[in-house]
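Given next are the chains, with one letter for each unit.
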Amino acid sequence: MRRSVGERRQPERYSPSVFCSNFSLSIIDDDPRTVKEAVDSEDGKLWKEAMVDEMAYFHKNEAWDLVELSAGRKPIGRKWVFKKNTNAKGKVEKYKARFITKGYS
């Protein structure tokens, strides 16, 4: 078996100076991270309404059945995710609340 003896190097396009100069990341996220933050915020009423709408959606579509948990089992983790939909001018058009599972048990 023959191995290359040449020096291995990372392509120039991935070097830190070039990569960092081509991209910038700006995170401006004022969406709540917890239910408490959402409910206690000045938009608390709108966030509550979004959560009620999400639960009504699950009920309407019969997304799940409530059952007793078997002995020795733990429920799957879940959480609320909150997001404001804005238009091009930055005005909030919709408050979205999604109830999601964490994807593992």
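Preceding block: the structure.
From a predicted model like this one, the values you see are computed outputs, not experimental measurements.

Draft legend 1. Examining the pairing of strand S1 (residues 78-86) more closely. Inspection of the sheet shows S1 paired to strand S2 (residues 92-101) by nine bridges, in the antiparallel sense. Following the sheet pairing, Lys79 is matched in S2 by Ile100.

Draft legend 2. The layout of surface pockets, seen in detail. Considered as a void within the structure, the largest pocket measures approximately 430 Å³ in volume. Along the wall of the largest pocket there are 14 residues; nearest its centre are Trp64, Leu66, Pro75, Ile76 and Arg78. Residues of the lining of the largest pocket, tallied by class, amount to nine nonpolar, two polar and three charged.

Draft legend 3. Just the packing of aromatic side chains, in detail. Following the criterion strictly, the structure yields seven aromatic pairs and no others. With a centroid separation of 6.2 Å and 65° between ring planes, the pair formed by Trp64 and Phe99 is classed as edge-to-face. One end of the pair, Trp64, is in the loop between helix H3 (44-60) and S1; the other, Phe99, is in strand S2, and 35 residues separate them in sequence. Judged by relative accessible area, Trp64 falls into the partly exposed class, the value being 39%.

Draft legend 4. Here's a closer look at the nonpolar core. Ala38, Trp47, Ala50, Met51, Trp80, Phe82, Tyr95 and Ala97 together form the largest nonpolar core, which totals eight residues. At the level of elements, H3, S1 and S2 are the ones that each hand at least two residues to this core. If one sorts the elements of this core by residue count, H3 sits on top with three residues. Discounting chain neighbours no more than four positions away, the residues touching Ala97 are Ala50, Met51, Glu54, Trp80, Val81 and Phe82.

Draft legend 5. The arrangement of the side chain of Asp43 in detail. Along the chain, the position of Asp43 falls in the loop between helix H2 (35-40) and H3. A polar side-chain atom of Asp43 sits 3.0 Å from a polar atom in the side chain of Tyr95. Discounting residues that sit within four places of it in the chain, Asp43 has contacts with Ala38, Lys84 and Tyr95.

The rules behind these values
- Residues numbered from 1 in each chain as written.
- Predicted model: local features only at pLDDT ≥ 70, side-chain atom pairs only at ≥ 80, totals over all residues.
- Heavy atoms only, no water.
- Pairing = 2+ DSSP bridges.
- Helix = DSSP H or I, 4+ residues; strand = E, 2+ residues; numbered from the N terminus.
- 1 Å grid on protein atoms, 1.4 Å probe; cavity = no way out; pocket = protein on both sides within 12 Å on 5 of 7 lines; lining within 4 Å.
- Points joined across faces, edges and corners; volume = space filled by probe spheres on them.
- Nonpolar A, V, L, I, M, F, W, Y, C, P; charged D, E, K, R; others polar.
- Phe/Tyr/Trp six-rings, centres within 6.5 Å; stacked < 30°, edge-to-face > 60°.
- Buried < 20%, exposed > 50% of the residue type's maximum accessible area, 1.4 Å probe, protein only.
- Core = buried A, V, L, I, M, F, W, Y, C linked by side-chain atoms within 4.5 Å.
- Contact = heavy atoms within 4.5 Å.
- Polar contact = N/O pair within 3.5 Å; in protein donor to acceptor, adjacent residues only side chain to side chain.

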